[in-house]
Amino acid sequence: MTVLSDKSIRQEIEAGRLVIDPFGEDALQPASVDLHLDRIFRVFRVTRRPYVDVRQPMDDLTERVVIADDEPFVVQPGTFVLGGTIESVTLPDDIVARVDGKSSLGRLGLLVHATAGYVDPGWTGKLTLELSNQSQMPIALYYAMKIAQISFLRMSTAVERPYGSPALGSKYQGQSEPTPSRAFQDFRGSADSD
């Protein structure tokens, strides 16, 4: 695999193979594109559930929160929330992407993903960020601030089944805001086969 340079990223965008919407030239870095924080969050709340059962739907575990343009969204120490990008990204079938945090925010203790930094070929939609504050101080985040960066890698060949292919059961294709876990969908039909 080869990491795309700024020149190659621009060429892929101009050819319409790679879509980042909106895309500003000022977001283009030497080997990545800056992503900006959207105003919608999913905040985990305490429920009466004794534990999280990954076999069950979990939409009630989070509450949707929307902030105004200049309103801070404060991430408390040790907490975990879902956020999202303003940008919608579409990848062709021969490019995979990697989302990583911005160094300046990482130095404050903010992580942008727990495990989901990988974006499959064929993906389309806004990206859900797994935000956690590892510091001892609350961190204020703002709508449209630079929150992460996405880099692109060209694969040896195009994939046979891009993300979103019917046989894959892609759970998050086309999402437009932070989406709660859909892990329960992995267990569909398992009870029927017992």
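The rules behind these values
- Residues numbered from 1 in each chain as written.
- Predicted model: local features only at pLDDT ≥ 70, side-chain atom pairs only at ≥ 80, totals over all residues.
- Heavy atoms only, no water.
- Phe/Tyr/Trp six-rings, centres within 6.5 Å; stacked < 30°, edge-to-face > 60°.
- Helix = DSSP H or I, 4+ residues; strand = E, 2+ residues; numbered from the N terminus.
- Buried < 20%, exposed > 50% of the residue type's maximum accessible area, 1.4 Å probe, protein only.
- pLDDT = per-residue confidence, 0-100.
- Contact = heavy atoms within 4.5 Å.
- Pairing = 2+ DSSP bridges.
- Arc of directions from axis to C-beta.
- 1 Å grid on protein atoms, 1.4 Å probe; cavity = no way out; pocket = protein on both sides within 12 Å on 5 of 7 lines; lining within 4 Å.
- Points joined across faces, edges and corners; volume = space filled by probe spheres on them.
- Nonpolar A, V, L, I, M, F, W, Y, C, P; charged D, E, K, R; others polar.

Draft legend 1. Seen up close, the packing of aromatic side chains. Overall, the coordinates contain three aromatic pairs when judged by the stated rule. Measuring from centroid to centroid gives 5.6 Å for Phe44 and Phe80, while their planes differ by 45 degrees, and the two rings are tilted. Separated by 36 residues along the polypeptide, Phe44 in strand β4 (residues 40–44) and Phe80 in strand β7 (residues 80–90) bring together distant segments of the chain. Note on Phe44: relative accessible area 42%, which makes it partly exposed. Relative to Tyr163, the ring of Trp123 has its centre 5.5 Å away and its plane inclined at 50 degrees; by these criteria the two rings are tilted. On the criterion of sequence distance, the pair formed by Trp123 in the loop between β10 (118–119) and β11 (124–133) and Tyr163 in the segment after β13 (146–154) is long-range, its members being 40 residues apart. Comparing Trp123 with Tyr163, the two get one shared label, buried.

Draft legend 2. Structural view of the confidence of the model for the protein. For the protein, per-residue confidence averages 92 on the pLDDT scale, and residues scoring 70 or more make up 97% of the total. Segment residues 190–194 is flagged for pLDDT under 50; beyond a separation of four residues in sequence, or across chains, it makes zero contacts in the model.

Draft legend 3. Looking closely at the pairing of β11. Burial of β11 is extensive: seven of the ten residues sit out of reach of the surface. Relative to β11, β7 runs antiparallel, the two being bridged by eight bridges. Directly across from Leu82, in β11, lies its bridge partner Glu130. Here two bridges tie strand β9 (residues 110–111) to β11, and the two strands are oriented antiparallel to one another. The partner of Leu110 across the bridge, within β11, is Asn133.

Draft legend 4. Representation of helix α1 (residues 6–14) within the structure. For α1, the set of buried residues is Ser8, Ile9 and Glu12. The buried residues of α1 occupy one face: seen down the axis, they fall within an arc of 100 degrees. Away from its buried face, by an angle of more than 90 degrees, α1 presents the exposed residues Lys7 and Glu14. Where α1 is buried, its residues contact β3 (33–36), β8 (95–101) and β13.

Draft legend 5. Seen up close, the layout of surface pockets. When its volume is computed, the largest pocket comes out at roughly 560 Å³. Ala116, Thr128, Glu130, Tyr172 and Gln175 are the residues nearest the centre of the largest pocket, which is lined by 24 residues in total. Here the lining of the largest pocket takes four residues from β11, the largest share from any one element. Residue composition of the lining of the largest pocket, grouped by class: 16 nonpolar, six polar and two charged.

Draft legend 6. Seen up close, the side chain of Ser151. With respect to the element layout, Ser151 can be found in strand β13. Beyond its immediate sequence surroundings of up to four residues, Ser151 is in contact with Ala31, Ser32, Val96, Ala97 and Arg98.

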